[in-house]
Amino acid sequence: EQEQAERYRQETEDLEKAKGQLDAYILEHALQDKLHTKVTETGLLITIMDNALFDSGSAQVRPEARELANEISKLLVPQPRQITVSGHTDNVPIHTAEFPSNWDLSSKRALNFMKILLQNPQLDPQKFSATGYGEYHPIAPNDTAEGRAKNRRVEVAILRNNPKPLQ
């Protein structure tokens with residue numbers, strides 16, 4: 001039990017360090033309104049607002065967002081952990097030839113962003129997975145423009161290897 005608590009504490013320290021590096025990059029490039037980081041019981045969560053990555057209704061990662069993806073990929077290299085990339089939308093229905101639903105859009109966005117991360121040859125693709133959640137995991141109410149903007153995001157999660165010890 002003591003050992004498990006120590007591993008959890010050590011891992012929290014590692015994740016906090018990665019968060020610190022990313023936070024420094026965010027400050028340096030004035031990205032505070034586009035990027036958020038948080039260490040949780042499940043790992044380090046990097047939330048990227050969709051307007052930092054994509055044009056509205058598109059899953060193509062914008063050229064200027066590739067530098068950001070590249071920075072994030074460098075931070076992922078030393079992480080001996082599973083990494084998930086998930087796409088999220090607001091609840092405004094989309095119905096285009098390319099994206100019949102928000103499921104399609106969120107899935108394709110997560111996949112496209114993950115593929116750019118994996119252009120870093122030092123990353124192990126076996127550790128990665130991409131998921132689309134559509135509009136079903138909102139972090140804000142969808143009844144205001146601000147709320148909808150918060151819900152349109154891509155989340156990169158560096159998952160812990162060591163679960164929080166039971167108290």
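Note that the structure is a prediction, hence the values are computed from the model and not measured. Every chain begins its residue count from 1, and numbering advances along the sequence as written. Predicted model: local features are reported for residues with pLDDT of at least 70 only, side-chain atom pairs are reported and counted for 80 or more only, and whole-chain, interface and lining totals are derived from all residues. Note that the side-chain values use all heavy atoms of the structure and ignore hydrogens as well as water.

Caption draft 1: Layout of the side chain of asparagine 112. Locating asparagine 112 in the fold gives a position in helix H3 (residues 102–117). Categorising residues by exposure relies on relative accessible area from a 1.4 Å probe, with only protein chains included: less than 20% of the type maximum marks a residue as buried, more than 50% marks it as exposed, and the intermediate range marks it as partly exposed. Overall, the relative accessible area of 13% leaves asparagine 112 in the buried class. We call two N or O atoms a polar contact when they sit within 3.5 Å, provided that within protein one can donate a hydrogen and the other can accept it, with sequence-adjacent residues counted only if both atoms are side-chain atoms. A polar atom in the side chain of asparagine 112 sits 2.7 Å from the backbone oxygen of alanine 59. With residues up to four places along the chain from it excluded, the contact list for asparagine 112 reads Ala59, Gln60 and Val61. For helices the rule is a DSSP run of H or I covering at least 4 residues; for strands it is a run of E covering at least 2, with both sets numbered from the N terminus onward. Two residues form a contact once any of their heavy atoms are found within 4.5 Å.

Caption draft 2: Summary view of the pairing of strand S4 (residues 128–132). In this description, strands pair whenever DSSP reports at least two bridges between them. Sheet topology places strand S3 (residues 83–88) next to S4; five bridges connect them, and they run parallel. In the strand pairing of S4, serine 86 is matched with threonine 131. Viewed along the sheet, the connection from S3 through H3 into S4 turns out right-handed. Viewed with both strands pointing away, a crossover whose connecting path from the first strand over the helix to the second turns clockwise is right-handed.

Caption draft 3: Representation of the pattern of salt bridges within the structure. The term salt bridge refers to a pairing of a side-chain nitrogen on Lys or Arg with a carboxyl oxygen on Asp or Glu at a separation within 4 Å. Evaluated as defined, the whole model comprises 13 salt bridges. Taking the shortest distance from any N to any O, the salt bridge between glutamate 11 and arginine 81 comes out at 2.7 Å. One end of the pair, glutamate 11, is in helix H1 (residues 2–28); the other, arginine 81, is in the loop between helix H2 (66–76) and S3, with 70 residues separating them in the sequence. In this pair, the class of glutamate 11 matches that of arginine 81, namely buried. For the salt bridge of arginine 109 with aspartate 50, the shortest nitrogen-to-oxygen distance reads 3.2 Å. Note that arginine 109 is positioned in helix H3 and aspartate 50 in the loop between strand S2 (43–49) and H2, a separation of 59 residues in sequence. A cluster of three or more residues bridged by salt bridges with shared partners is formed by Asp50, Asp90, Arg109 and Arg152.

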